[in-house]
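Chain by chain, the residues:
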Amino acid sequence: MSLETTEPEHAFSGDRFDAIVNLCKRRGFVFPSAEIYGGIRSTYDYGPLGALMLRNVKEAWWRSMVQQRDDVVPLDAAILTNPKVWEASGHLATFTDPLVDCRNCKERWRADQIEGVCPNCGSADLTEARPFNLMFKTFVGPLEEDASVAYLRPETAQGMFVNFANVLTTMRKKPPFGIAQIGRSFRNEITPGNFVFRTREFEQMEMEFFVPPPDAPRWHEYWCQERFSWYQRYGISPELLRLRVHDAEELSHYSAATSDVEFAFPWGWGELEGIANRTDFDLNAHARHSGVRIEYFDQASGERYVPYVIEPAAGATRTMMAFLLAAYDEDEVGGDRRVVLRLHPRLAPYQVAILPLSKKEHLSGLAREVLAMCRERYMCDFDDTQSIGRRYRRQDEIGTPLCVTVDFDSLEDQAVTLRERDSTQQIRIPISALVEELTRRIGA
Ligand code: GAP
């Protein structure tokens with residue numbers, strides 16, 4: 001599963017990347033933030049289709065990590081919290097990147113990402129590298145003084161650690177069990193870029209799985225396999241993915257072992273998710289700094305221990321971009337070129353589009369009835385403009401897996417045409433059987 005090569009064999013071209021960035025803007029997935037003011041570097045707003053798709057990515061994660069398991073419970077912790085959390089976690093002292101300035105053009109770079117020469121102007125006249133803390137600092141309340149300093153969280157994980165004891169007692173859980181959370185995180189990245197791959201505000205999907213210490217290696221392996229296959233279940237082909245084991249120098253300060261799920265981005269392999277064995281580092285650190293005992297007491301055996309933590313930590317926004325890149329395709333249908341996003345039906349912004357053949361009132365009345373039936377279960381688009389061929393192309397381009405066409409015959413036979421995105425095959429189906437057929441193809 002893990003590949004030895006550094007360059008992906010199936011890397012996308014830069015053209016594919018440009019096509020995705022262009023499509024995202026043109027069709028309302030992702031807009032540069034505050035564009036009317038000239039934007040702000042590497043910050044993006046998710047448009048109507050992006051908001052739908054991002055929600056679906058998170059929903060897919062939630063379904064497999066929380067809903068379909070009985071050993072994981074959810075949490076939604078605050079973004080602003082007591083700064084002692086970041087002292088205990090090690091973020092205040094060590095969450096830094098090495099920063100260098102180019103004395104010639106004044107650009108700033110991460111020292112570990114350049115090769116001794118400024119990528120902007122080519123000058124080798126760079127300052128010494130100095131540590132730059134990536135946490136955004138702010139003040140809570142009206143006074144800008146040391147006592148009111150707070151930080152925007154750089155990861156959701158700590159919310160799970162500081163609530164470990166609360167969850168343990170309220171949910172009557174026993175290791176092995178996990179706490180999962182989806183939410184925004186913030187890092188003052190020195191060099192954000194590659195569209196939404198690296199931004200200063202992003203969304204994470206993280207789960208902390210607490211286990212008896214001797215079982216940690218086994219659970220680490222389990223979660224590596226489980227998370228690696230999740231991306232494939234949602235449509236990314238295996239040759240675009242690899243699981244890469246970190247070597248000793250690369251490990252974070254808290255980790256005994258980490259493997260990354262990586263995707264073949266146009267610029268090479270890039271991390272989608274890290275699966276780390278965080279040992280008892282975090283729970284011990286919080287116990288030490290807070291003075292509160294944090295451990296599991298097994299009443300049956302009388303045993304007391306600090307659990308180890310296995311953490312699958314994924315990025316929702318970055319993952320959405322990988323799904324888009326993997327789904328993008330161009331082909332020819334009936335002599336026409338089309339762009340098609342072959343997205344998994346659950347990830348597509350709309351699962352169904354209802355397309356009345358004409359805007360005539362008696363037809364749109366029936367089409368609206370069909371829409372009302374379908375949107376009980378699925379996110380639906382309704383489009384009665386332009387020719388039907390062009391409407392199919394528009395839906396293909398945004399990944400809608402199924403189109404339902406309501407035509408004049410529908411008024412007579414109470415049936416509609418169901419068209420499938422990838423094969424473009426069409427079948428005639430009674431309206432009374434439509435929702436059942438959609439469910440058969442998309443899932444409930
Ligand atoms: N709690 C562990 C942790 O936060 P991480 O590898 O730093 O680990 C986890 O982050 C995931 O969050 C990454 O694999 C990536 O998908 C996403 N991520 C991290 N920094 C990001 C950024 N600046 N922009 C977008 N996504 C980011």
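All right, on to the pairing of strand β12 (residues 257-265) then. For β12, a buried count of 8 out of 9 residues is recorded, marking the element as mostly surrounded by other parts of the structure. For strand β11 (residues 241-245) and β12, the ladder comprises 5 bridges, and the chain directions are antiparallel. Within β12, the residue paired with Leu-243 across the bridge is Val-261. Of the pairings in the sheet, the one linking β12 to strand β13 (residues 268-279) comprises 9 bridges and is antiparallel in character. Residue pairing across strands places Asp-260 opposite Gly-274, the latter belonging to β13. The antiparallel pairing of β12 with β13 creates a hairpin that spans 2 residues between the two strands.

This paragraph deals with the site of the ligand. Inspection of the region around the ligand gives 20 residues, with Glu-155, Glu-189, Thr-199, Glu-206 and Glu-271 positioned closest. Side-chain polar atom of Glu-155 to a nitrogen atom of the ligand: 2.6 Å apart, as the coordinates give it. Between the ligand and the protein, one listed contact pairs an oxygen atom with a side-chain N or O atom of Arg-187 at 2.8 Å. Taking 550 Å² as the accessible area of the ligand by itself, protein coverage stands at 91%. Among the secondary structure elements, those contributing two or more residues to the shell around the ligand are β10 (201-211), β13 and β16 (308-315). Considered class by class, the residues forming the shell around the ligand number 7 nonpolar, 3 polar and 10 charged.

A word on the pattern of salt bridges. Evaluated as defined, the whole model comprises 37 salt bridges. A salt bridge links Arg-342 to Asp-329; its shortest N-O distance comes to 2.9 Å. Of this pair, Arg-342 sits in the loop between β18 (336-341) and β19 (352-356) while Asp-329 sits in strand β17 (residues 328-333), and the two are 13 residues apart along the sequence. A relative accessible area of 26% places Asp-329 in the partly exposed class. Here Asp-331 makes a salt bridge to Arg-342, at a shortest N to O gap of 3.0 Å. Taken as a pair, Asp-331 in strand β17 and Arg-342 in the loop between β18 and β19 lie far apart in primary sequence, 11 residues in all. With a relative accessible area of 28%, Arg-342 lands in the partly exposed category. Residues participating in the shared-partner salt-bridge network are Asp-329, Asp-331, Arg-338, Arg-342, Asp-396, Arg-419, Arg-421 and Asp-422.

Rules used throughout
Residues numbered from 1 in each chain as written. Predicted model: local features only at pLDDT ≥ 70, side-chain atom pairs only at ≥ 80, totals over all residues. Heavy atoms only, no water. Buried < 20%, exposed > 50% of the residue type's maximum accessible area, 1.4 Å probe, protein only. Helix = DSSP H or I, 4+ residues; strand = E, 2+ residues; numbered from the N terminus. Pairing = 2+ DSSP bridges. Near = heavy atom within 4 Å. Polar contact = N/O pair within 3.5 Å; in protein donor to acceptor, adjacent residues only side chain to side chain. Areas by Shrake-Rupley, 256 points an atom, 1.4 Å probe, with all protein chains shown as cover. Nonpolar A, V, L, I, M, F, W, Y, C, P; charged D, E, K, R; others polar. Salt bridge = Lys/Arg side-chain N within 4 Å of Asp/Glu carboxyl O.

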